[in-house]
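For reference, the chains in residue letters:
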Amino acid sequence: MRVGRRHDNTEAALALRSPQLDEFRANKTRKWELRDIFGCVVEFSGDQHGSRFIQQKLETATSEEKQTVFDEIVPDNTLQLIQDVFGNYVIQKLFEHGTQVQKTVLANTMEGHILPLSLQMYGCRVVQKAVEFILPEQQATFVKELDPHVLKCVKDANGNHVIQKLIERVSPDRLGFVNSFRGNVYDLSTHPYGCRVLQRCFEHLPEDQTRPLMDELHKYMINLMQDQFGNYVVQFVLEQGKPQDRAQVISKLRGQMLNMARHKFASNVCEKALITAGAEERRILIEEIITPKADGVSPIVSMMKDQFANYVLQRALTVADADQKEMLINKIRPQLVTMRRYSSAYSKHLISIERLLERSCSKPSDKPADYPSISQTN
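Residues numbered from 1 in each chain as written. Predicted model: local features only at pLDDT ≥ 70, side-chain atom pairs only at ≥ 80, totals over all residues. Heavy atoms only, no water.

Chemist: Quick question: what am I supposed to make of the packing of aromatic side chains here?
Modeler: What describes a pair of aromatic rings is the distance from one ring centre to the other and the angle between the planes of the rings. The tally for this structure, following the rule as stated, stands at 5 aromatic pairs. For the pair Phe177 and Phe181, a centre-to-centre distance of 6.1 Å together with 55° between the ring planes defines the contact as tilted. On the accessibility criterion, Phe181 (0% relative accessible area) is buried. Through a chain of ring-to-ring contacts, the aromatic side chains of Phe24, Trp32, Phe44 and Phe53 assemble into a single cluster. For Arg30, the ring lying beneath its charged end belongs to Trp32, and the centroid distance is 3.9 Å. (Phe/Tyr/Trp six-rings, centres within 6.5 Å; stacked < 30°, edge-to-face > 60°. Buried < 20%, exposed > 50% of the residue type's maximum accessible area, 1.4 Å probe, protein only. Lys NZ or Arg CZ within 6 Å of the ring centre and 35° of its normal.)

Chemist: Explain the pattern of salt bridges here, please?
Modeler: Side chains that carry opposite charge are capable of pairing whenever their charged atoms lie near each other. One pass over the full model with this rule turns up 22 salt bridges. Counted as one network, the salt bridges with shared partners bring together Glu207, Arg211, Asp215, Lys242 and Asp245. (Salt bridge = Lys/Arg side-chain N within 4 Å of Asp/Glu carboxyl O.)

Chemist: Where do I start with helix H15 (residues 207-219) in this structure?
Modeler: Since the α-helix packs 3.6 residues into each turn, any two residues three or four apart lie on the same face. For H15, built from 13 residues, the straight-helix expectation of 18 Å at 1.5 Å per residue is met to within 8% by its first-to-last C-alpha distance of 18 Å. Restricting attention to buried positions, one finds in H15 the residues Gln209, Thr210, Leu213, Met214, Glu216, Leu217 and His218. (Helix = DSSP H or I, 4+ residues; strand = E, 2+ residues; numbered from the N terminus. Expected span 1.5 Å × (residues − 1).)

Chemist: Any chance you could explain the side chain of Asp227 here in plain terms?
Modeler: Tracing the sequence through the fold places Asp227 in the loop between helix H16 (221-225) and helix H17 (230-240). For the buried residue Asp227, which engages in no salt bridge, the nearest side chain bearing the opposite charge is Lys264, 12 Å off. Separated by 2.8 Å, the side chain of Asp227 and the backbone nitrogen of Gly230 make a polar contact. (Lys, Arg positive; Asp, Glu negative; His and termini not counted. Polar contact = N/O pair within 3.5 Å; in protein donor to acceptor, adjacent residues only side chain to side chain.)

Chemist: Please explain the confidence of the model for the protein chain as it appears in this structure.
Modeler: Do not read the predicted coordinates in detail wherever pLDDT is low. Residue-level pLDDT values for the protein chain average 89, and 89% of them are 70 or greater. Considering only residues more than four positions removed or in separate chains, one finds that residues 1-14, a stretch of pLDDT under 50, has 16 contacts. Overall, residues 364-378 carries pLDDT values under 50, and its contacts beyond four positions in sequence, including any with other chains, amount to 30 contacts. (pLDDT = per-residue confidence, 0-100. Contact = heavy atoms within 4.5 Å.)

Chemist: Is there a simple way to think about the environment of Gln199 in this case?
Modeler: Secondary-structure assignment places Gln199 in helix H14 (residues 194-204). Since its relative accessible area comes to 12%, Gln199 is described here as buried. Along the chain, Gln199 and Val233 lie 34 residues apart, while their C-alpha atoms are 6.3 Å from each other. The contact partners of Gln199, leaving out residues within four places of it in the chain, are Tyr232, Val233 and Phe236.

Chemist: What am I meant to see in unusual backbone geometry here?
Modeler: A negative phi angle is the norm for most residues apart from glycine, just as the trans form is the norm for most peptide bonds. For the bond from Val74 to Pro75, the omega torsion is 0°, close enough to zero to count as cis. As for its placement among the helices and strands, Pro75 is situated in the loop between helix H4 (63-73) and helix H5 (78-82).

Chemist: Any chance you could explain the side chain of Gln139 here in plain terms?
Modeler: Inspection of the secondary structure puts Gln139 in helix H10 (residues 136-146). Judged by its relative accessible area of 7%, Gln139 is buried. Leaving out residues up to four positions away in the same chain, Gln139 has contacts with Val131, Ile134, Arg169 and Val170.

Chemist: I would appreciate a short explanation of the packing of H17 against helix H20 (residues 266-276) in the present structure.
Modeler: The description of two packed helices rests on the angle between their axes and on the distance between the axes. Where H17 contacts H20, the two axes come as close as 9 Å, and the packing angle between them is 0°. Judged by the inter-axis angle, H17 sits roughly parallel to H20. Here Asn231, Val234, Gln235, Leu238 and Glu239 of H17 come into contact with H20, specifically with Asn268, Val269, Lys272, Ala273 and Thr276. Of the residues that constitute the contact of H17 with H20, the class distribution is 4 nonpolar, 4 polar and 2 charged. (Axes fitted to C-alpha atoms, helices over the stretch in contact; angles between N-to-C directions. Parallel < 35°, antiparallel > 145°, perpendicular 65-115°, else oblique. Nonpolar A, V, L, I, M, F, W, Y, C, P; charged D, E, K, R; others polar.)

Chemist: What's the story with helix H9 (residues 123-133) in this structure? I'm lost.
Modeler: The buried fraction of H9 amounts to 8 of the 11 residues, a majority that puts the element mostly inside the structure. Along H9, the residues classified as buried are Gly123, Cys124, Val126, Val127, Gln128, Lys129, Ala130 and Val131. In the core, the buried residues of H9 are packed alongside H5, helix H6 (87-97), helix H7 (100-110), helix H8 (114-118), H10 and helix H12 (159-169).

Chemist: Explain the packing of H20 against helix H21 (residues 279-290) to me, please; I cannot follow it from the model alone.
Modeler: Contact geometry for H20 and H21: axes closest at 8 Å, N-to-C directions at 135°. One way to sum up the angle between H20 and H21 is to call them oblique. Where H20 abuts H21, its residues Ala273, Leu274 and Ile275 lie against Arg282, Leu285 and Ile286. When the residues that make up the contact of H20 with H21 are grouped by side-chain class, the tally is 5 nonpolar, no polar and 1 charged.

Chemist: Even after reading the chapter, I still don't get the environment of Gly159, so can you show me in this structure?
Modeler: Mapped onto the elements of the fold, Gly159 is located in helix H12. Taking the relative accessible area as the measure of exposure, Gly159 reaches 0% and is therefore buried. Note: C-alpha distance between Gly159 and Ser118 (41 residues apart in sequence) is 5.0 Å. Every residue in contact with Gly159, bar those within four places of it in the chain, is listed here: Ser118, Leu119 and Cys153.

Here is the structure:
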């Protein structure tokens, strides 16, 4: 080994590189093969260019070449490379292209370290990849190691991805840790990572595991609609939940459409409800938007002026039945005229509403689905 050149004079340490790696980095004209780096596989794996070279070659390597690469890495250098910024990609490729025996041995070297690897930036990627390619018995071993620490993993920037992968790939009967989510549904729903894990549960697990979680979710629905992360869980229920759960969410919106439409996060739920509701449910929600309040306040006027509710009003225009659409247009148009006349700042969203009306009038035969999607960006 010799001292490599310093790329930055402010660096405190000098990089040590073998002559093979130095030549590899310098000689771009030579056609390199895997056999040319045997004896230096670990070093190459930890180098940006060397790692990329090994990844590419492993995809088409012979069984003998793969075994040589494998033997240089496993077991002594496995954990080091798993947690390396470049080395982790080589380990992932071994899981993708190795034999089943190699994958099993590779996973064996990880056992006893699954928790720290799952919480590490690069290690979590390898754990996820391993889960995809190892046998069910080893998947169960991974789950067992994480079981006592599952809530810590769920709330970790790296660990949550591992938990999501386990929920997606492992047989539900092996996922006993899901029981620990009970009593924590509100906490998980309002967490930036927990809300993702909860959605994966509803997406992949059977009814007997998700029903207690869903029933708990319904208790907090109004609060979750207004939460910056919880609103995504509610939208997921509206999009992919069972009909009775979707109906229960929509029922919570009835009588609350104006209030929720004016809320930064709940307005997203209102839009999603208008899209996913059944025909009769949708008519009831839109009727609530059309009908003046007891105090004479027009929800439509309030929504037109509001930075969030205006998107809900636009969505209502695109999904309403013909008769309700006509009622909406007849109430919106005179308000636009008034607002244009007396407002010095004729805002962008009012222009959007105006264009939507023009489109509705110029294409009276269009179905709601023909209108372009209007999405709210928070």
